[in-house]
Amino acid sequence: MRELSIVIPTYNESDNVAPLLEKLTAALSGVDWEVIFVDDNSPDKTWQRVADLAATDARVKILRRVGRKGLSTACIEGAMMASAPVIAVMDADMQHDERVLPAMFKKITDENCEIVVGTRYAAGGSVGEWNAARTLMSKTATKLGAVLLGKNTVSDPMSGFFMLRSALFAETVERLSGEGFKILLDLLTSARRPLAIGEVAYTFRLREHGESKLSLGVLCDFGLLLADKTVGKYVPARFLLFVAVGLLGVGVHLGCLAALYSTGFVFAQSAATLAAMVVNFFLNNAFTYADRSLKNLRRGLALFILICGLGALPNIVLAGYLYEVSHLYWLLAGALGMLVSAVWNYAVSQHFIWRRRN
Ligand code: GDD
Ligand code: MN
C-alpha cells in the first residue's frame, strides 16, 4: 500500500527534477512513496523532463497546468491527486533537506501528529547562507504570520516544507484561500481546531540550479493572504489592494494636474485622468492581479480606460444627487461617489480583464 505522496510544485526547475528524484529514492528506502510534480507550463519544459521520468518510473506523476500560475494552488491541486494517507509538500530546488523526510513521516505515523513542519527556526535548524535582506524579510513575514496562527502556532509558519495527513487536508481544503506562496500558513489558519503539530529542524540549503521565484509580486501575494485571513470575511482582500492602487492613482492625478495646470485646467485635468488610469492599470496588473498578469497589455489597457470611464458616470450622478438634493457635505458626497466608482471598476475589470482562468 502506498504510504506517502510527495507534492512538488515546479516552475523552471528542469535541471533539478532528476537529481531530486535520486535524492528522494536514497532518503526514503523502506517507504512506499509516489511523487507528484505540479508544473505551470514552465518555459524550460520542466513538465517534459518529468514526463520522461514518469514513463519509466511508476512512482512519478505530472500535472501540467496551462494558463495558471501560483505556488499555493499548485500544492493544493497536487495534494488532490495524492493517493497515500500522508502528503508531503516540498520545493523542487533541493533547498529543503529530503533527509529529514523519514523523521517527519515517523512523527505522523508513530507519534500521532497530524501535521509536521520542517523548520529552520528551531534548535538544529537554520536558514543556511542567506543574505541579511532575505533573512530580515523571512523573519518579518514569520512574525506577521504568527499573529494569525493563534493556537496552531509553529516556529516556521513560512516553511514550504511540511507533511500532513490526507484527512486533515480534506478537512481544510474548502477553506483554503490559495493566494500566493504560503500554503502552510494558509492550512494552519484555515483549520478550525487545534491541531496536533510536530516539528523537525533542518538547514535550508543553497539553490544549485535555476532561480528563485521570490519577487515583489510574491510579497504582494503574501499581503493578500494575510488580508484574506483577517478582513477577508467582510471585504475581499483584493478589493482593498485595488482601492490602495486607486489612492495612488489619486496622487498621480493631482501631481499631473499641478504639473500641467499652466497649460489650461481642462487639458490638465484630462491628461491627469488618463495618466492616473494608465498608472493604475499597470499597478493592478503587476500587484493586485500578480497571479494572473496579462500578456496582451494593449487590449487590457483599452478596456480598463473604457471601464473606468463608464464608472465615472454613476459616481458623478450619485455624488451630484447627494450634494445638490440631499445637501450632504461636499467631501462626503465626493467620497461616496468615488466608492461607487471603485466597486464598479473592481467588479467589472475583474470580470472582463483579470478573469480567473479555472
Ligand atoms: N507550479 C508552480 N507555480 N511552482 C512554483 C511557482 C508557480 O507559480 N512559483 C514557484 N514555484 C516552485 C519553484 O519551482 C520551487 O520548486 C518552489 O515552488 C519554491 O520556489 P522558490 O522560487 O525556490 O522559492 P524560495 O526559495 O524563494 O522560497 C521557498 O522557501 C521558503 C522558505 O523561506 C518556498 O518554498 C517557500 O514556500 C518557503 O516558505
Ligand atoms: Mn527555493
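So, a few notes on the structure that sits alongside this text.

Thresholds applied
- Residues numbered from 1 in each chain as written.
- Chains lettered and ligands numbered in written order.
- Predicted model: local features only at pLDDT ≥ 70, side-chain atom pairs only at ≥ 80, totals over all residues.
- Heavy atoms only, no water.
- Disulfide = S-S within 2.5 Å.
- Core = buried A, V, L, I, M, F, W, Y, C linked by side-chain atoms within 4.5 Å.
- Buried < 20%, exposed > 50% of the residue type's maximum accessible area, 1.4 Å probe, protein only.
- Helix = DSSP H or I, 4+ residues; strand = E, 2+ residues; numbered from the N terminus.
- Contact = heavy atoms within 4.5 Å.
- Polar contact = N/O pair within 3.5 Å; in protein donor to acceptor, adjacent residues only side chain to side chain.
- 1 Å grid on protein atoms, 1.4 Å probe; cavity = no way out; pocket = protein on both sides within 12 Å on 5 of 7 lines; lining within 4 Å.
- Points joined across faces, edges and corners; volume = space filled by probe spheres on them.
- Nonpolar A, V, L, I, M, F, W, Y, C, P; charged D, E, K, R; others polar.
- Axes fitted to C-alpha atoms, helices over the stretch in contact; angles between N-to-C directions.
- Parallel < 35°, antiparallel > 145°, perpendicular 65-115°, else oblique.
- Left-handed = near helix turned anticlockwise from the far one by under 90°.

**Quick notes on the state of the cysteines**
Move 1: For the structure on display, the rule yields 0 disulfides.
Move 2: For C308, which is in no disulfide, the shortest distance to another cysteine sulfur is to C256 and amounts to 15 Å.

**A closer look at the nonpolar core**
Move 1: Grouped together as the largest cluster of nonpolar side chains are 33 residues, with contacts concentrated most on L4, I6 and L24.
Move 2: Listed by contribution, the elements that provide at least two residues to this core are β1 (4–10), α1 (17–27), β2 (33–39), β4 (86–89) and α4 (101–109).
Move 3: Leaving out residues up to four positions away in the same chain, L4 has contacts with L28, V31, D32, W33, E34, A84, V86, I87, A88, F105 and M163.
Move 4: Formed by 32 residues, the second largest nonpolar core is a distinct cluster that contains V117, M158, L168 and L195.

**Regarding the environment of K229**
Move 1: Looking at the secondary structure, you find K229 in helix α8 (residues 216–230).
Move 2: Taking C-alpha positions, K229 is 26 Å from G249, a pair spaced 20 residues apart along the chain.
Move 3: If sequence neighbours within four positions are ignored, K229 has contacts with L148, R175, S177, D186, T189 and S190.
Move 4: Reaching out from K229, the side chain makes a polar contact with the backbone oxygen of R175 at a distance of 3.4 Å.
Move 5: Of the polar contacts made by the side chain of K229, one reaches the side chain of S190; its length is 2.7 Å.

**Re the layout of surface pockets**
Move 1: Of the voids in this model, the second largest pocket is the one considered here, and its volume is about 910 Å³.
Move 2: Residue lining of the second largest pocket: 30 residues in total, with G246, V250, N315, M338 and S341 positioned closest to the centre.
Move 3: Of all elements in the fold, only α9 (237–260), α10 (265–288), α11 (297–324) and α12 (330–352) reach the threshold of two or more residues within the lining of the second largest pocket.
Move 4: Among the elements that make up the lining of the second largest pocket, the one with the highest residue count is α9 (9 residues).
Move 5: In terms of residue class, the lining of the second largest pocket is built from 17 nonpolar, 13 polar and no charged.

**A closer look at the packing of α8 against α9**
Move 1: The interhelical angle for the contact between α8 and α9, taken along N-to-C directions, is 125°, at an axis separation of 8 Å. Considering the angle they form, α8 stands oblique to α9. Crossing hand, α8 versus α9: right-handed. From α8, C220, L224, A227 and D228 reach across to α9, where they touch A237, R238 and L241.
Move 2: Along the lines of polarity and charge, the residues of the contact of α8 with α9 split into 5 nonpolar, no polar and 2 charged.

So yeah, pure geometry; function would need other evidence.
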